[in-house]
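What follows is the residue order along each chain.
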Amino acid sequence: MAQYFYDKQVRRYIQQFIRLFSGFSVQMGKNEIGLPIYQEVPVRYGDINRMAAHITRENSENVVNTVPFISCYVTNFSMMPERRTYQNHTDKVQVTEKKIDPVTGQYLDEPGNRYTIKKYQPVPYLLSFNCDIWTSNTEQKLQQMEQILVLFKPTLDIRTTSNPHDWTALSLVEMKNIIWSTRSVGSSIDDIIDVATINFDVPVL
C-alpha cells in the first residue's frame, strides 16, 4: 500500500486568511425611525470553476452578482529561499502530562506520562492571495476598505494551530498592494459592479 500523508496545512492558511475578512458590515441607509441599517458582508473563497459560476448565475448571462461581498483566492505559491536554514536541524522538547485519576477521570496535581517531541526544520513557502471587494457604489467601497485597511500596518499576525509546541503556528499576513478598481472580472453586463483588489503575502512554514 502506498504511503499517504495530508495534514491540510495550506488549507488551514487559506481558512485563516478568509476569516480575517468575515464580520464586516456596511450601512445600507436608514429605517423608518432614522436608525442606520447595517448589512453584514459575506466572504467566500473565490476560486470557482466556470461551471459553478454558471450555476450561481442560474444558467443565465442576465443575472448580476449580488453585492456587497468579498472573495479571497490564491494567486501564487512559491518557494522562499531567503528563509531557509539548515535542513537537517531538529529541536527536542520534553513534555510532561498531568496524571489522570483512572476512576474519576480528573487531572491530579502529579506528573503523568512523559514524552519527547522532536520538531523538524520546516520548508518555507510564500502564499500570495487576492482579496476582491465587490461593491455597487463608491460609498460601499469606502466603508469596507476603511474597516480592512486599518487592521494592517502593514502586517497582521495569525495562528494556524493551537498546538503550543508547534513552532510554525504563528505566521503573518502582509499587505502588498491595493488596486482601487478593476473591470476585468465578469462580463459586460456587470458594469454596475466595481471590484477593488488588495494583494497579500503569507509565509507558510
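For clarity, every value in this text was computed on a predicted model and none was experimentally measured.

J.: Is there a simple way to explain the overall build of the chain in this structure?
T.: When helices and strands are tallied, the chain shows 3 helices and 10 strands. Secondary structure elements of the chain, listed N to C terminal, follow the sequence α-β-β-β-α-β-β-β-β-α-β-β-β. Across the 205 residues that make up the chain, the buried fraction comes to 30%. Across the chain, the fraction of contacts at a sequence separation of at least 24, relative to all contacts at a separation of at least 6, is 68%. Total accessible area on the chain is roughly 13,800 Å²; 52% of this is exposed by carbon and sulfur atoms.

J.: Can you walk me through the pairing of strand β1 (residues 25-30) in this structure?
T.: Across a regular strand the side chains alternate sides, sitting on one face of the sheet and then on the other. Bridging between β1 and strand β2 (residues 36-40) involves 4 bridges; their strand directions are antiparallel. The residue bridging Lys30 from the neighbouring strand is Pro36, located in β2. Here β1 hands over to β2 after 5 residues, with Gly34 in that stretch at a positive phi of 90 degrees.

J.: It is not clear to me how the pattern of salt bridges should be interpreted in this structure. Could you clarify?
T.: Side-chain pairs of opposite charge can arise whenever the charged atoms involved come near each other. Under the definition given, this model contains 5 salt bridges. The salt bridge partner of Glu110 is Lys99, with a shortest N-O separation of 3.9 Å. Residue Glu110 is found in strand β6 (residues 107-120), and its partner Lys99 is found in strand β5 (residues 90-100); the two are separated by 11 residues along the sequence. You can call Lys99 partly exposed: its relative accessible area is 38%. For Glu174, the salt bridge goes to Lys176, with nearest N and O atoms at 3.7 Å. Judged by relative accessible area, Glu174 falls into the partly exposed class, the value being 28%.

J.: Even after reading the chapter, I still don't get the side chain of Thr135, so can you show me in this structure?
T.: Relative to the helices and strands, Thr135 is located in strand β7 (residues 125-135). By relative accessible area, Thr135 is classed as buried at 0%. With sequence-adjacent residues up to four places away left out, Thr135 is seen in contact with Val67, Gln140, Lys141, Gln144, Ile192, Ile193 and Asp194.

J.: What is the right way to read the packing of aromatic side chains from this model?
T.: Each aromatic ring pair is characterised by the separation of its centres together with the angle its planes make. Taken as a whole and judged by the stated rule, the model has 8 aromatic pairs. Between Phe152 and Phe200, the ring centres sit 5.0 Å apart and the planes meet at 50 degrees, which makes this aromatic pair tilted. Linking Phe152 in the loop between α3 (138-149) and β8 (155-159) with Phe200 in strand β10 (residues 194-204), this pair joins segments that are 48 residues apart in sequence. Comparing Phe152 with Phe200, the two get one shared label, buried. Taken together, the ring pairs connect Phe17, Phe21, Phe129, Phe152 and Phe200 into an aromatic cluster. The ring of Phe69 carries Arg44 above its face, with NZ or CZ at 4.1 Å from the centroid.

J.: What is the right way to look at the pairing of β10 in this model?
T.: Counting buried positions along β10 gives 11 out of 11 residues, so the element sits mostly inside the fold. With 11 bridges joining them, β7 and β10 adopt antiparallel strand pairing. Bridged to Tyr125 within β10 is Val204. The pairing of strand β9 (residues 170-182) with β10 spans 6 bridges and is classified as antiparallel. Of the residues in β10, the one forming a bridge with Glu174 is Asp201.

Rules of the game
Residues numbered from 1 in each chain as written. Predicted model: local features only at pLDDT ≥ 70, side-chain atom pairs only at ≥ 80, totals over all residues. Heavy atoms only, no water. Helix = DSSP H or I, 4+ residues; strand = E, 2+ residues; numbered from the N terminus. Buried < 20%, exposed > 50% of the residue type's maximum accessible area, 1.4 Å probe, protein only. Contact = heavy atoms within 4.5 Å. Areas by Shrake-Rupley, 256 points an atom, 1.4 Å probe, with all protein chains shown as cover. Pairing = 2+ DSSP bridges. Salt bridge = Lys/Arg side-chain N within 4 Å of Asp/Glu carboxyl O. Phe/Tyr/Trp six-rings, centres within 6.5 Å; stacked < 30°, edge-to-face > 60°. Lys NZ or Arg CZ within 6 Å of the ring centre and 35° of its normal.

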